[in-house]
Amino acid sequence: MPRLLGVDIPNDKQIQYSLTYLYGVGLHTAREVCEKLGIDPTRAATEINEDELGQIAAMLERDYMVEGPLRRQVTTNISRLREIKSYRGMRHRMGLPVRGQRTKTNSRTRKGPKKTVAGKKGVKDLR
């Protein structure tokens with residue numbers, strides 16, 4: 001398994017799809033990197049040699065913010081929003097959807113599994 005910026009990328013996939021396993025690298029960026037370096041994006045990750053891996057790693061670190069620095073930036077941005085007590089910061093703090101999604105139904109990913117509230121219909125029947 002080739003290792004790139006501290007992340008193991010899959011062998012069996014094309015290099016354009018393998019690069020998307022890095023945090024902050026999507027398909028568009030992966031294809032852009034391959035094009036700039038003159039690497040065929042449809043080649044398997046196993047066919048990429050050490051020199052090309054080094055070139056890819058150098059270009060990603062130089063031109064793009066990926067992995068550790070990007071994670072740190074996102075974390076600091078969220079903590080700044082929390083500190084200034086903006087609406088978005090409060091939503092982050094309460095664990096609710098931040099970008100205007102409805103919460104009456106859905107949003108179970110952010111809110112977690114349903115919690116039954118005492119005194120509602122059906123709770124007395126369980127006793």
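Thresholds applied
Residues numbered from 1 in each chain as written. Predicted model: local features only at pLDDT ≥ 70, side-chain atom pairs only at ≥ 80, totals over all residues. Heavy atoms only, no water. UniProt positions renumbered as here; feature names shortened; annotations may be inferred. Phe/Tyr/Trp six-rings, centres within 6.5 Å; stacked < 30°, edge-to-face > 60°. Lys NZ or Arg CZ within 6 Å of the ring centre and 35° of its normal. pLDDT = per-residue confidence, 0-100. Helix = DSSP H or I, 4+ residues; strand = E, 2+ residues; numbered from the N terminus.

The name that an unreviewed UniProt entry assigns to the protein is Small ribosomal subunit protein uS13, with the source organism given as Roseiconus lacunae. Taken verbatim from the UniProt record of the protein, the Function (unreviewed entry) comment is "Located at the top of the head of the 30S subunit, it contacts several helices of the 16S rRNA. In the 70S ribosome it contacts the 23S rRNA (bridge B1a) and protein L5 of the 50S subunit (bridge B1b), connecting the 2 subunits; these bridges are implicated in subunit movement. Contacts the tRNAs in the A and P-sites." The heading Sequence similarities (unreviewed entry) in the UniProt record of the protein holds the text "Belongs to the universal ribosomal protein uS13 family."

> What is the right way to read the packing of aromatic side chains from this model?
In the structure shown here, the tally under the stated rule is zero aromatic pairs. The lysine or arginine in question, Arg71, covers the ring of Tyr23, its NZ or CZ lying 4.2 Å from the ring centre.

> Would you mind going over the confidence of the model for the protein with me for this structure?
Any residue range with low pLDDT should be treated as having predicted coordinates unsuitable for detailed reading. With 94% of its residues at a pLDDT of 70 or more, the protein shows a mean pLDDT of 89. Confidence scores differ between elements of the protein, with strand E1 (residues 3-4) showing the lowest mean pLDDT of 84 and helix H5 (residues 87-94) the highest of 95.

> Teacher, can you tell me more about unusual backbone geometry here?
A negative phi angle characterises most non-glycine residues, just as the trans form characterises most peptide bonds. Of note, the phi angle at Leu5 is positive, near 55°, even though the residue is not glycine. The phi dihedral of Glu67 is positive, around 50°, even though this residue is not glycine. Mapped onto the secondary structure, Glu67 falls in helix H4 (residues 67-83).

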